[in-house]
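# Tertiary structure, described
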Amino acid sequence: MSNFQLGLIIAGALVLIIVVAHNAWNNHRNAPKRPRPPAGGAADGAGARHEPALEGAALASGEGVDSALSGHAIDPRDALDLPAPAPMTERRGGLDVLIDAIAPITPEREVAGEAALAALPPTRRAGSKPFAIEALREETRQWEAPQAGQRYRHFQAGVQLANRTGALNEIEFSEFVMKAQQFADAIGAAADFPDMLHEVARARELDQFASEHDAQLTFVLRARQAAWSPGYVEQNAARQGLVPGPIPGRMVLPVAEPGLPPLLVLDYDAQAAMSDEPEQTALREVALSLDVAQVARAEQPFARLRELAQTLCEAMDGVLCDGNGAPLPAMAMDPIAADLEQLYDQLDQRDLSAGSALARRLFS
């Protein structure tokens, strides 16, 4: 073999090595980013698969952050100094003349709670609108859902005038009358229904107001270069206080009071979240959303949204876009904040303040 042939073989081998190395580097650069294992836990978790929702919940709750404390006993007397859990919000009658058509129901005699419960209609909707029957408890003078063991002299039936499906129409109002009358007949009571045309007109006016003041903001975080794995997204979101939501591919930033809608919602592909190999699944974007009417103004949800979006963009090498995918400059956020303040004022003037029980019912 001549020196020329040997040189060609060596050159070819070098070219092949360079091509293979270049392809490997490209594959590594473009592979979905994966979550970093917790310090000191890489060896224990090697080869084990963790469900993304559980992993995100553990990170959000701080599990594994200080594993050195896990083996130490706790003095039971120390538990006396721990703060008590926050009490659940008191639930009261939900019907309100502002957003409901209400019919008083007066029985001939006192009615047992058990009899009222047995007479309730099987469904709590009239068409697409929520329907409810409430009883007045004499001791507290509060309206409530009928309770066993109580006795009542006054009832009321109501149907919501509007929600995000539209205004109450004549057919839905007639269904409301039929259900309320059946309940009244079952307990030996007389029902006094409002005028249908008047209530339908009120429903249309309320629906018009709600349509003009319903704001649901959605921003998109898009990867600049390398895609993200679901676990990588969840890990970074959990560091900002988000926890797994009720469905795959959703994380939420909860408010302080339990039982209320979340402050913010982060969504990504649900199929990616349920994948058999989630860390090999590539996500190019996630969505951050705020349902304005569902969150109280005092929570400053838009300011929190801006802060969260900026932090995630920096941590995940992403760019913030609008709902159509166009990059959103930072200067565009101030006019949105100003418009939201005006919207809050208008909702306050209508006694439908954002985050209130009535606003959450109307804008649902």
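Calculation notes
Residues numbered from 1 in each chain as written. Predicted model: local features only at pLDDT ≥ 70, side-chain atom pairs only at ≥ 80, totals over all residues. Heavy atoms only, no water. Axes fitted to C-alpha atoms, helices over the stretch in contact; angles between N-to-C directions. Helix = DSSP H or I, 4+ residues; strand = E, 2+ residues; numbered from the N terminus. Parallel < 35°, antiparallel > 145°, perpendicular 65-115°, else oblique. Left-handed = near helix turned anticlockwise from the far one by under 90°. Contact = heavy atoms within 4.5 Å. Nonpolar A, V, L, I, M, F, W, Y, C, P; charged D, E, K, R; others polar. pLDDT = per-residue confidence, 0-100. Salt bridge = Lys/Arg side-chain N within 4 Å of Asp/Glu carboxyl O. Buried < 20%, exposed > 50% of the residue type's maximum accessible area, 1.4 Å probe, protein only.

Below, the discussion takes up the packing of helix H8 (residues 301–316) against helix H9 (residues 333–349). One can describe the packing of H8 onto H9 by two numbers: an axis separation of 10 Å at closest approach and a directional angle of 160°. Taken as axis vectors, H8 and H9 run roughly antiparallel relative to one another. When the axes of H8 and H9 are compared, the crossing they make is right-handed. Two secondary-structure elements touch here, H8 through Pro301, Phe302 and Arg306 and H9 through Met333, Asp334, Ile336, Ala337, Leu340 and Tyr344. Class assignment of the residues belonging to the contact of H8 with H9 gives a composition of seven nonpolar, no polar and two charged.

Turning next to the confidence of the model for the protein. Of all residues in the protein, 75% attain a pLDDT of 70 or more, and the chain-wide mean is 83. Taken as a whole, residues 41–93 scores under 50 in pLDDT and shows 29 contacts with residues more than four places along the chain or in a different chain.

In this section: the packing of helix H6 (residues 230–238) against H8. A packed helix pair is summarised by two numbers, namely the angle formed by the two axes and the spacing between the axes. At a minimum axis distance of 10 Å, the contact between H6 and H8 shows a crossing angle of 135°. One finds that H6 runs oblique with respect to H8. You can see that H6 and H8 cross each other, and the crossing is right-handed. Mapping the contact onto sequence places Tyr232, Val233, Asn236 and Ala237 in H6 and Leu312, Ala315 and Met316 in H8. Considering only residue class, the contact of H6 with H8 consists of six nonpolar, one polar and no charged.

So, about the pattern of salt bridges. Two side chains that carry opposite charge are able to pair once their charged atoms sit near each other. Under the definition given, this model contains 20 salt bridges. When the shortest N-O distance is used, the salt bridge between Glu205 and Arg350 registers 2.8 Å. Here Glu205 is found in helix H5 (residues 196–212), whereas its partner Arg350 is found in the loop between H9 and helix H10 (357–362), with 145 residues between them in sequence. Given a relative accessible area of 41%, Glu205 falls into the partly exposed group. Classification of Arg350 by relative accessible area gives partly exposed; the value is 23%. Across the salt bridge formed by Asp334 and Arg306, the nearest N and O atoms sit 3.1 Å from each other. Separated by 28 residues along the polypeptide, Asp334 in helix H9 and Arg306 in helix H8 bring together distant segments of the chain. Residue Arg306 is classed as partly exposed on the basis of its relative accessible area, which comes to 27%. Residues participating in the shared-partner salt-bridge network are Arg297, Glu341, Asp345 and Asp348.

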